[in-house]
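# Notes for the structure review
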Amino acid sequence: FGDSIFNAIDNSPSISLGTTGTGNNWNFSGLLTNSVDTVVFYHPGQVAGNAATTTFPTASLASKEDTNYIFLEKNSASLQLLGLSNGTIHVASENSETIITFPSSFGTTFLDTAKTQTVVSGATAGYPSVDSVRVVSTTYINSNFDASGSLTTPFGVFSCIRQYLIRATTDVVYAKISGFWNPSPIVTQNNTAYSHQYWSDAATAKFPLVSYDLTSAGALSGSVSWTKGLTVY
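So, here is what we can say about the structure in this document. (Residues numbered from 1 in each chain as written. Predicted model: local features only at pLDDT ≥ 70, side-chain atom pairs only at ≥ 80, totals over all residues. Heavy atoms only, no water.)

### Focus on unusual backbone geometry
- Residue P103 is bonded to the preceding F102 through a cis peptide linkage, with omega at -10 degrees.
- Mapped onto the fold, P103 is located in the loop between β7 (90-101) and β8 (109-121).
- Non-glycine residue D66 carries a positive phi angle of around 55 degrees.
- When you line up the elements, D66 lands in the loop between β4 (61-65) and β5 (68-74).
- Here the phi dihedral of S178 falls at roughly 55 degrees; this positive angle occurs in a residue that is not glycine.
- Within the secondary structure layout, S178 lies in the loop between β10 (156-177) and β11 (180-181).
- Looking at S178, the relative accessible area reads 62%, which means it is exposed. (Helix = DSSP H or I, 4+ residues; strand = E, 2+ residues; numbered from the N terminus. Buried < 20%, exposed > 50% of the residue type's maximum accessible area, 1.4 Å probe, protein only.)

This is the structure:
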């Protein structure tokens, strides 16, 4: 509680991703700081009103992202994403999302399914002609720690394992009209995201040290986020 992670963003990175397998030597020492995001961890009972007691009773951590608080459960087996709250509206996952399992090492894999339902007014969702909309979001997670080795960033040198993560999400939107829910969805959207996260059990590695999105072919896509520093409470 109280720890702050400072994540730098390099908007135009030039790095070699290495290969799957062991013995990688990832030299990301040239990563730049174009902007910085700060992640602060809180006691779940001290943020977002009564969210921890009413909606997330198993939460052991909370962090803030933009205007929302994210609630997490960390135990001996895994780190789970339970849902989020803006202080007034609390949205809990029907099935929480596994972020990482413990212990993890090269070759560790897991599959998971996360599901969340959210109901908001039609006007809020951009459908002013309907009473309300219900968004059912289902994400299928495929995680594989497919590489290991030594990682060098401007923050330091770390022994790391690399997580290859595939998140396939389907959002189905239903409309409530004149007090009745239409059984047929008005919108169905599918999206698949690919990414790498670099994890270490070093004392100064309290967060993925490097993360970035990938194309479906495994190439770097866009910016790179990397841990620039931390403040331990």
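Back to the write-up after that little detour.
### Some details on the pattern of salt bridges
- As enumerated under the stated definition, the model contains three salt bridges in all.
- For the salt bridge of E97 with R167, the shortest nitrogen-to-oxygen distance reads 2.9 Å. Of this pair, E97 sits in strand β7 while R167 sits in strand β10, and the two are 70 residues apart along the sequence.
- Judged by its relative accessible area of 12%, E97 is buried.
- Judged by its relative accessible area of 26%, R167 is partly exposed. (Salt bridge = Lys/Arg side-chain N within 4 Å of Asp/Glu carboxyl O.)

### Thoughts on the nonpolar core
- The biggest cluster of nonpolar side chains holds 19 residues, and the ones touching the most others in it are F28, L151, Y198, V210 and Y212.
- Only β9 (132-153), β10, β12 (187-199), β13 (210-214) and β14 (220-231) provide two or more residues apiece to this core.
- The greatest single-element share of this core, amounting to three residues, is contributed by β13.
- Those residues in contact with F28 that sit more than four places away from it in its chain are I15, S16, L151, T152, T153, P154, Y198 and V210.
- The next biggest cluster of nonpolar side chains, apart from the first, holds 11 residues, and it includes F41, L61, L72 and F145. (Core = buried A, V, L, I, M, F, W, Y, C linked by side-chain atoms within 4.5 Å. Contact = heavy atoms within 4.5 Å.)

### Quick word on the side chain of E97
- In this structure the side chain of E97 is engaged in a polar contact, spanning 2.9 Å, whose partner is the side chain of R167.
- If near-sequence neighbours (up to four positions away) are discounted, E97 is found in contact with L79, Q80, L81, D112, A114, I141 and R167. (Polar contact = N/O pair within 3.5 Å; in protein donor to acceptor, adjacent residues only side chain to side chain.)

### Some thoughts on the packing of aromatic side chains
- For the coordinates displayed, the defined rule picks out seven aromatic pairs.
- Ring geometry for Y42 against Y69: centres 5.9 Å apart, planes inclined by 75 degrees, an arrangement best described as edge-to-face. Within this pair, whereas Y42 is found in strand β3 (residues 35-42), its partner Y69 is found in strand β5, the two being separated by 27 residues in sequence.
- Ring geometry for F56 versus F71: centroids 4.5 Å apart, planes at 10 degrees, classification stacked. Of this pair, F56 sits in the loop between α1 (51-54) and β4 while F71 sits in strand β5, and the two are 15 residues apart along the sequence. (Phe/Tyr/Trp six-rings, centres within 6.5 Å; stacked < 30°, edge-to-face > 60°.)

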